[in-house]
Amino acid sequence: MSAAPGPAQVAEKFAAAFGQAPDGVWSAPGRVNLIGEHTDYNDGFVLPFAIDRTAQVAIRLRADNTARLLSGYGHQGVVSLEMATLSPETMKGWTAYPLGVVWVLRQMGVDIGGFDLYLDSTVPTGAGLSSSAAIECAVASAFNELCGAGLTANQLVLVGQRAENEVVGAPTGILDQSASLLATGGHAVFLDCRTQESRLVPLDLAAAGLLVLVVDTKVTHAHATGGYAARRASCELGAEVLGVAALRDVAAADLAVAAGLLDAQTFRRVRHVVTEDQRVLDTVAVLADAGPAAIGALLTASHASMRDDFDISCDELDLAVETALANGALGARMTGGGFGGSAIALIPAAEEPRVRAAVVRAFADAGFTAPDIFAVSPAPGARRVL
Ligand code: ADP
Ligand code: MG
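Residues numbered from 1 in each chain as written. Chains lettered and ligands numbered in written order. Predicted model: local features only at pLDDT ≥ 70, side-chain atom pairs only at ≥ 80, totals over all residues. Heavy atoms only, no water.

Enquirer: Any chance you could explain helix H9 (residues 296-308) here in plain terms?
Expert: The periodicity of an α-helix, 3.6 residues per turn, causes residues three or four positions apart to be oriented the same way. Taking 1.5 Å per residue as the helical rise, H9 with its 13 residues ought to reach 18 Å, and the 19 Å between its terminal C-alpha atoms agrees with that figure. For H9, the complete set of buried residues consists of Gly296, Leu298, Leu299, Ser302, His303, Ser305 and Met306. Among the structural elements, strand E1 (24-35), helix H8 (264-290), helix H10 (315-326), strand E9 (331-335) and strand E10 (342-348) are those in contact with the buried residues of H9. (Helix = DSSP H or I, 4+ residues; strand = E, 2+ residues; numbered from the N terminus. Expected span 1.5 Å × (residues − 1). Buried < 20%, exposed > 50% of the residue type's maximum accessible area, 1.4 Å probe, protein only. Contact = heavy atoms within 4.5 Å.)

Below you can see the structure in the form of structure tokens.
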């Protein structure tokens, strides 16, 4: 992972590609979900924080109706198209993320003509840290300002989600975009996905002598085609059979009854979501009462639920979690949609070298691809940077 370029460097790369300075540069972060997995599309609770890995976009509006897009990430050169041809069917590859946002904004009546766009991101792709939402939120913030659309942050969240759902084809909830747009440094975002109400929760890891270590297993997921959609369908089935609008409406005390109404697999899916919602609420309460050092057991219980009930972990994620816990982590869990991606470990800062070395060794011993391991801290959300 290369060091993050400053906004001036991003503007220079834009100018080198397109021959003129951009109108501005906007930045939006990836995220780590501290706890609350697969609860967002069940109208439940999540607790992500934005990380100090960002997508930056430099954009210049054009007088004609041509769009030109370039990513610094080794994608295949400049993509050029006429705005009149823009539709979900014609958007392919990485440009579906920025163009999907443009398409949604145009559907909403925002007057976007041609533009040049250069993207530079330090959010690893497909690692469960939401490189996709980082792009969407940076692009949505940019056009909101450049075109004077006047949309609120909560509205931009829904723009990003629609792009992901309707253009990319990944049936994801509002977790990722909310974290990327609503976060502030030193805080997590406690979000009620039914009402879209959010509250910033202090998460000063450094003051507590802690850090969150991300272990990117390099096992890539594919949400659009993978098990994510199947899990979502199981949750919808569970809600339908139980006669509720969403699994948010099932209380932990109702699970015994639910067990008698659902097939065994659907019941386990439901139990994960119901208990995970409660763990998010418990984590928020424990953070307020006792601080971040006290939330470890909740994180680890969340991992067990995803591994055993929701079946979205994998050997690499389980090994990362177990190894971190055996080497001083207070808690650990996979984060993100699952089937690969990253695990997070909450560790005393002094234990970082030990946990890193142990995880690297365990992966080598198991014959797994070497993981990428890095610390993250709660960072600010989307904003204009130049
Ligand atoms: P995640 O959001 O967990 O990282 P996704 O599969 O949702 O994974 O999104 C990853 C996709 O986002 C990539 O396959 C690519 O299309 C796009 N993407 C992410 N970062 C970049 C980048 N720097 N340049 C171009 N496309 C990117
Ligand atoms: Mg994504």
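Enquirer: Which parts of the structure should I look at to understand the sheet that holds strand E11 (residues 372-376)?
Expert: For sheets, the rule is that strands pair by backbone hydrogen bonds, running either parallel or antiparallel. With antiparallel pairing, four strands are arranged side by side in an open sheet as E9-E10-E8-E11. For this open sheet the edge positions go to E9 and E11, each flanked by a neighbour on one side alone. Going across the sheet, the axis of each strand differs from the next one's by a mean of 25°, ignoring polarity. In the sheet, strand E8 (residues 210-216) pairs with E10 via seven bridges, with the strands oriented antiparallel. Pairing of Leu210 across the sheet is with Pro348, part of E10. Sheet contacts for H9: E9 and E10; angle to E9, the most-contacted strand, approximately 40°. (Pairing = 2+ DSSP bridges. Axes fitted to C-alpha atoms, helices over the stretch in contact; angles between N-to-C directions.)

Enquirer: What exactly am I supposed to notice about the site of ligand 1 here?
Expert: Among the 19 residues in the neighbourhood of ligand 1, the closest are listed as Ser71, Thr125, Gly126, Ser131 and Ser132. The separation between an oxygen atom of ligand 1 and a polar main-chain atom of Gly126 is 2.8 Å. Contacts to ligand 1 include Ser131, whose side-chain N or O atom sits 2.6 Å from an oxygen atom. Listed by contribution, the elements that provide at least two residues to the shell around ligand 1 are strand E5 (115-121) and helix H3 (131-146). (Near = heavy atom within 4 Å. Polar contact = N/O pair within 3.5 Å; in protein donor to acceptor, adjacent residues only side chain to side chain.)

Enquirer: Explain the pattern of salt bridges to me, please; I cannot follow it from the model alone.
Expert: Should their charged atoms come close, side chains of opposite charge can pair. The full count for this structure, using the stated rule, is 20 salt bridges. Residues Arg271 and Asp309 are paired through a salt bridge, measuring 2.7 Å at the closest nitrogen-oxygen approach. Of this pair, Arg271 sits in helix H8 while Asp309 sits in the loop between H9 and H10, placing them 38 residues apart in sequence. Judged by relative accessible area, Asp309 falls into the buried class, the value being 10%. (Salt bridge = Lys/Arg side-chain N within 4 Å of Asp/Glu carboxyl O.)

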